[in-house]
Amino acid sequence: KSSPTPYVPIILLAVSIAARRRMKHAALDAITAYLNASLPDDSNIYVFVPGGVGLPTTHDENGRRMSVKLLKALYGVPIAGRCWYEELNENLVLQFGWTRSTWEPCFYYQRNTDGQLAMLLLYVDDFLLFVDTAEWLSSLKAELKQAYPMKDLGEVRRYVGMEFTWGEDYVVVHNRQYIFNMLR
């Protein structure tokens, strides 16, 4: 199984709510996301030991290459995306207090004691945060960065092939760069 991804209409709905509410927004990218996920104990996925990993030998006494059981997910392992999603979902809900949508597994939200809204969209290792205040946005970004290595991409300008131009209380969504690339 792979990691779920949000439907485009859900992304557009979240973006339009954010624009209408004049929410602060940021894009984040989890660095080496899959390496943060543990594999299930029954996964039984083995890899050959590559040279240069600091082990005294990469071959046994008969000259055969040694292998090791993976404990953490790696890119290229078929279940890695799902493991990352499950671990991230558990942490978002239990550790950080986000509520996952019942109709979209990649959409999370929370309200603070002042009734302000925060929305989070996931596309594997790409995050979109929409928050009512700049202070709360900074706080949420700091929480996520403390839990996982993250690159802060700044305001939301691009996401899964879509481009966004933000106005005071509106957003223009387009695919200008995609169209230019297709015409080349």
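This one's a predicted model, so the numbers in the text were calculated from it and none came from an experiment.

### With respect to the layout of surface pockets
Part 1 of the argument: Taken as a whole, the largest pocket spans an internal volume of roughly 170 Å³.
Part 2 of the argument: Residue lining of the largest pocket: Ala18, Ala19, Arg22, Met23, Lys24, His25, Glu155, Trp166, Gly167 and Glu168, and that is the complete set.
Part 3 of the argument: Looking at the lining of the largest pocket, the elements that each hand over two or more residues are helix H1 (8-21) and strand S1 (24-30).
Part 4 of the argument: Residues belonging to the lining of the largest pocket are distributed by class as follows: 4 nonpolar, 2 polar and 4 charged.

### A word on the packing of aromatic side chains
Part 1 of the argument: Following the criterion strictly, the structure yields 7 aromatic pairs and no others.
Part 2 of the argument: Plain terms: the ring middles of Tyr34 and Tyr75 are 4.4 Å apart, the flat faces sit at 15° to each other, and that makes the pair stacked. You can see Tyr34 sitting in the loop between S1 and strand S2 (46-48) and its partner Tyr75 sitting in the loop between strand S3 (67-69) and helix H2 (80-95), a full 41 residues away along the chain.
Part 3 of the argument: Looking at Tyr34, the relative accessible area reads 14%, which means it is buried.
Part 4 of the argument: Ring centres of Phe164 and Trp166 lie 6.4 Å apart, and the angle between their planes is 35°; this geometry places the pair in the tilted category.
Part 5 of the argument: Look at Trp166 and you get buried, because its relative accessible area is 18%.
Part 6 of the argument: Three or more aromatic residues joined by ring pairs form one cluster here, namely Trp103, Phe107 and Tyr109.

### Observations concerning the side chain of His25
Part 1 of the argument: Its location among the elements puts His25 in strand S1.
Part 2 of the argument: Polar contacts involving the side chain of His25 include one to the main-chain amide nitrogen of Val156, which spans 3.1 Å.
Part 3 of the argument: For His25, the residues in contact, after removing those within four places along its chain, are Leu129, Phe130, Leu137, Gly154, Glu155, Val156 and Trp166.

### Topic: the environment of Ala147
Part 1 of the argument: For Ala147, the location among the structural elements is in helix H3 (residues 134-147).
Part 2 of the argument: Ala147 gets classed as partly exposed once you look at its relative accessible area, which sits at 32%.
Part 3 of the argument: The spacing of Ala147 and Phe96 is 51 residues in sequence and 9.9 Å in space, taken between C-alpha atoms.

### Describing a nonpolar patch on the surface
Part 1 of the argument: Among the surface-exposed residues, Tyr178, Ile179, Phe180, Met182 and Leu183 lie close enough to one another that they form a single nonpolar patch of about 590 Å² accessible area.
Part 2 of the argument: Position of Tyr178 relative to the elements: it lies in helix H4 (residues 176-183).

### Examining the pattern of salt bridges
Part 1 of the argument: Evaluated as defined, the whole model comprises 8 salt bridges.
Part 2 of the argument: Asp132 is the partner of Arg21 in a salt bridge, and the nearest nitrogen-oxygen pair spans 2.7 Å. In this pair, Arg21 sits in helix H1 while Asp132 sits in the loop between strand S7 (126-131) and H3, placing the two residues 111 residues apart along the sequence.
Part 3 of the argument: Take Arg21: its relative accessible area is 37%, and that puts it in the partly exposed class.
Part 4 of the argument: The salt bridge involving Glu155 is made with Arg157; its shortest N-O contact spans 2.7 Å.
Part 5 of the argument: In the salt-bridge network here, residues are joined through shared partners; they are Arg22, Glu168 and Asp169.

The rules behind each value
Numbering of residues begins from 1 in every chain and follows the order in which that chain's sequence is written. pLDDT decides what is reported in this predicted model: residues at 70 or higher carry local features, side-chain atom pairs at 80 or more are listed and counted, and totals for whole chains, interfaces and linings draw on all residues regardless. Hydrogens and water molecules were not included; the side-chain quantities draw on all heavy atoms of the structure. In this analysis, the protein atoms alone were mapped onto a 1 Å grid. Cavities are point sets where a 1.4 Å probe fits without being able to get out; pockets are open sets with protein on both sides within 12 Å along at least five of seven lines; lining residues have an atom within 4 Å of a point. Grid points are joined across faces, edges and corners, and a volume is the space filled by probe spheres set on the points. Strands are runs of DSSP state E lasting at least 2 residues, helices are runs of H or I lasting at least 4, and numbering of each runs from the N terminus. Gly counts as polar in this scheme, as do all residues outside two lists: the nonpolar Ala, Val, Leu, Ile, Met, Phe, Trp, Tyr, Cys and Pro, and the charged Asp, Glu, Lys and Arg. Pairing of aromatic rings covers Phe, Tyr and the six-membered ring of Trp, with a centre-to-centre limit of 6.5 Å; geometry is then stacked below 30 degrees between planes, edge-to-face above 60, and tilted otherwise. For each residue, the accessible area found with a 1.4 Å probe, counting protein chains only, is set against the maximum for its type, and the residue is called buried under 20%, exposed over 50%, and partly exposed in between. Counting of polar contacts relies on pairs of N or O atoms within 3.5 Å, with two restrictions inside protein: one atom must be capable of donating a hydrogen and the other of accepting it, and residues adjacent in sequence are counted only when both atoms are side-chain atoms. We call two residues in contact whenever any of their non-hydrogen atoms come within 4.5 Å of each other. Each patch is assembled from residues with relative accessible area greater than 30% and no salt bridge, linking like charges that lie within 9 Å and nonpolar side chains (Val, Leu, Ile, Met, Phe, Trp, Tyr) that lie within 5 Å. Here the Shrake-Rupley method, with its probe set to 1.4 Å, supplies the accessible areas, and only the displayed protein chains count as covering residues. In what follows, salt bridge is the name for a side-chain nitrogen of Lys or Arg lying within 4 Å of a carboxyl oxygen of Asp or Glu.

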